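# Descriptive structure summary
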Amino acid sequence: MKTTPFTDKHIALGAKMHEFAGYNMPIEYTGIIDEHLTVCNAVGVFDVSHMGEFWVKGPNALAFLQKVTSNNVAALAPGKVQYTCFPNEEGGIVDDLLVYQYDPQKYLLVVNASNIEKDWNWCVLHNTEGAELENSSDRTAQLAIQGPKAILALQKLTDINLSEIPYYTFKEGEFAGEKNVIISNTGYTGAGGFELYFYPDAADKIWNAVFEAGAEFGIKPIGLGARDTLRLEMGFCLYGNDLDDTTSPIEAGLGWITKFIDGKDFINRFMLEKQKAEGTVRKLVGFEMIDRGIPRHGYELVNAEGEKIGVVTSGTMSPVRKIGIGMGYVKPEYSKLGTEIYIDMRGRKLKASVVRPPFRK
């Protein structure tokens, strides 16, 4: 398994380790519920160095990104970040990703760890514009410091005014004495906070500085288990569960990142534009349990008569709400808010209601 610059720290701290996307990653330390509530109420630190980072540069960078991504990259300005996806030729999604704009000829793409090689090959294959591409995934470390007290801890370590980095923006500067650190605000937890990107040789220094600065606020290391429950309470999609090569952004409710504007001829635009106009055979919905039970990925969704109407893509027991919550694809006629659906839990038909995420207000 691959390691991150923090793997030895996770093991020394007693984390429960497991393979994720080819990496030896911490799943939990003190328990998923405790870690989840720490992020909601205080501050927690996630090692997300397994994520992928690609640079796209040069005079043809924008033209390339307009072709391979669904969102309108031309709408970005320096210091702004955009959520988008790589559509494939079959109407599905190669990956969902973030695009950071430094200037109109310099962008950073942040992709999912499990898709680094696939995404890189996809970009290289479709780079007929001649943009300058660089895969810096192995030369980039990343920590996500999340929670309402993250800003109080991190502000001690930089002269950059963190309150001037609103959601989906970033700045680059000195942090904990290290230069050229990217500080961004694109949190995947709904609890506020920042992401730090830096060179791996600065990992120990930054980790130690962050935990020292956060000690008075009850800072804790957080595993991927709580990262999943936090993102699910917010209704954020996870690639491999709610999105994959067979799910279209229109089905997934991501029409807002799929821009059918003049001059943007992105991959498979025709099929996705047709889906938006004519509708799809399934829709991704959120639901919360009425009956007591915990929905899990892969469970069938059925109607009152027991007929299959879809499948659960993500599900858990909400640590905040103390009820079962989930997301799944259903036939369009069952997607209206308030519709009662049922989860087939090993032969037990348990009632749920279609709701609009987030589940945690």
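As annotated in an unreviewed UniProt entry, the protein chain carries the name Aminomethyltransferase and comes from Bacteroides nordii CL02T12C05. Under Sequence similarities (unreviewed entry), UniProt gives the following word-for-word description of the protein chain: "Belongs to the GcvT family." Database annotation for the protein chain, UniProt heading Catalytic activity (unreviewed entry): "N(6)-[(R)-S(8)-aminomethyldihydrolipoyl]-L-lysyl-[protein] + (6S)-5,6,7,8-tetrahydrofolate = N(6)-[(R)-dihydrolipoyl]-L-lysyl-[protein] + (6R)-5,10-methylene-5,6,7,8-tetrahydrofolate + NH4(+)".

### Section: the packing of aromatic side chains
Scanning the entire structure with this criterion turns up 12 aromatic pairs. A centroid spacing of 5.2 Å and a plane angle of 70° characterise the contact between F54 and W120, whose relative ring orientation is edge-to-face. Taken together, the positions of F54 in strand β4 (residues 52–57) and W120 in helix α4 (residues 116–125) put the pair 66 residues apart, joining distant regions of the chain. For F54, a relative accessible area of 2% gives the class buried. We classify W120 as partly exposed; its relative accessible area is 21%. Seen in terms of ring centroids, Y102 and F170 are 5.1 Å apart; in terms of plane orientation they differ by 55°. Their pairing is tilted. Here the residue Y102 occupies a position in strand β6 (residues 93–103), and F170 occupies one in strand β10 (residues 170–175), the gap between them amounting to 68 residues. Across the pair, F170 and Y102 agree in class, each one buried.

### Remarks on the domain arrangement of the protein chain
In terms of domains, the protein chain is made up of domain 1 (6–49 + 140–233), domain 2 (52–138) and domain 3 (281–360). The C-alpha centroid of domain 2 is placed 24 Å from the C-alpha centroid of domain 1. Residue-level contacts link 14 residues of domain 1 with 18 residues of domain 2. Of the roughly 1300 Å² buried between domain 1 and domain 2, counting both surfaces, carbon and sulfur atoms make up 58%. A per-residue breakdown of the area domain 1 buries against domain 2 is headed by T140, Y168 and F170, which together make up 47% of the total. One can count 0 salt bridges joining domain 1 with domain 2. Viewed at the interface, domain 2 and domain 1 are joined by 6 residue pairs in polar contact (both at pLDDT 80 or more). Going through the elements one at a time, β10, β11 (178–184) and β12 (193–198) are the ones with two or more residues in the side of domain 1 that touches domain 2. When the residues that make up the side of domain 1 that touches domain 2 are grouped by side-chain class, the tally is 7 nonpolar, 5 polar and 2 charged.

### What to know about the sheet that holds strand β19 (residues 348–355)
Strand order in the closed barrel formed by 6 strands is β14-β17-β16-β15-β18-β19, with antiparallel pairing between adjacent strands. Strand-to-strand, the axes of this sheet are offset by a mean angle of 45°, without reference to chain direction. Here strand β18 (residues 340–345) pairs with β19 via 6 bridges, running antiparallel. Along β19, the bridge assignment pairs I343 with L350.

### Some remarks on helix α6 (residues 203–214)
Between its terminal C-alpha atoms α6 stretches 16 Å, which fits the 16 Å expected from 12 residues at 1.5 Å a residue. Within the sequence span of α6, burial applies to A203, I206, W207, A209, V210, F211, A213 and G214.

### Some details on the layout of surface pockets
The space that makes up the second largest pocket amounts to roughly 270 Å³. Along its surface, the second largest pocket is lined by 16 residues, and W55, T140, N180, I182 and Y199 are the ones closest to its centre. At the level of elements, β4, β7 (106–111), β11 and β12 are the ones that each hand at least two residues to the lining of the second largest pocket. The element best represented in the lining of the second largest pocket is β4, accounting for 3 residues. Class assignment for the residues of the lining of the second largest pocket results in 7 nonpolar, 3 polar and 6 charged. Both domain 1 (6–49 + 140–233) and domain 2 (52–138) contribute no fewer than three residues apiece to the lining of the second largest pocket.

### Considering the pattern of salt bridges
Opposite charge on two side chains permits pairing when their charged atoms draw close. Following the criterion strictly, the structure yields 18 salt bridges and no others. Salt-bridge contacts for E288 lead to R321; the nearest nitrogen and oxygen are separated by 3.4 Å. Placement of the pair is E288 in strand β14 (residues 283–289) and R321 in the loop between β16 (308–317) and β17 (324–330), with a sequence separation of 33 residues. For E288, a relative accessible area of 21% translates into the label partly exposed. As a salt-bridge pair, E340 and K351 come within 3.6 Å of each other at their nearest N and O atoms.

Rules used in this analysis
Residues numbered from 1 in each chain as written. Predicted model: local features only at pLDDT ≥ 70, side-chain atom pairs only at ≥ 80, totals over all residues. Heavy atoms only, no water. UniProt positions renumbered as here; feature names shortened; annotations may be inferred. Phe/Tyr/Trp six-rings, centres within 6.5 Å; stacked < 30°, edge-to-face > 60°. Helix = DSSP H or I, 4+ residues; strand = E, 2+ residues; numbered from the N terminus. Buried < 20%, exposed > 50% of the residue type's maximum accessible area, 1.4 Å probe, protein only. Domains from an automatic or database assignment. Contact = heavy atoms within 4.5 Å. Buried area = accessible area lost by both parts, 1.4 Å probe. Salt bridge = Lys/Arg side-chain N within 4 Å of Asp/Glu carboxyl O. Polar contact = N/O pair within 3.5 Å; in protein donor to acceptor, adjacent residues only side chain to side chain. Nonpolar A, V, L, I, M, F, W, Y, C, P; charged D, E, K, R; others polar. Pairing = 2+ DSSP bridges. Axes fitted to C-alpha atoms, helices over the stretch in contact; angles between N-to-C directions. Expected span 1.5 Å × (residues − 1). 1 Å grid on protein atoms, 1.4 Å probe; cavity = no way out; pocket = protein on both sides within 12 Å on 5 of 7 lines; lining within 4 Å. Points joined across faces, edges and corners; volume = space filled by probe spheres on them.

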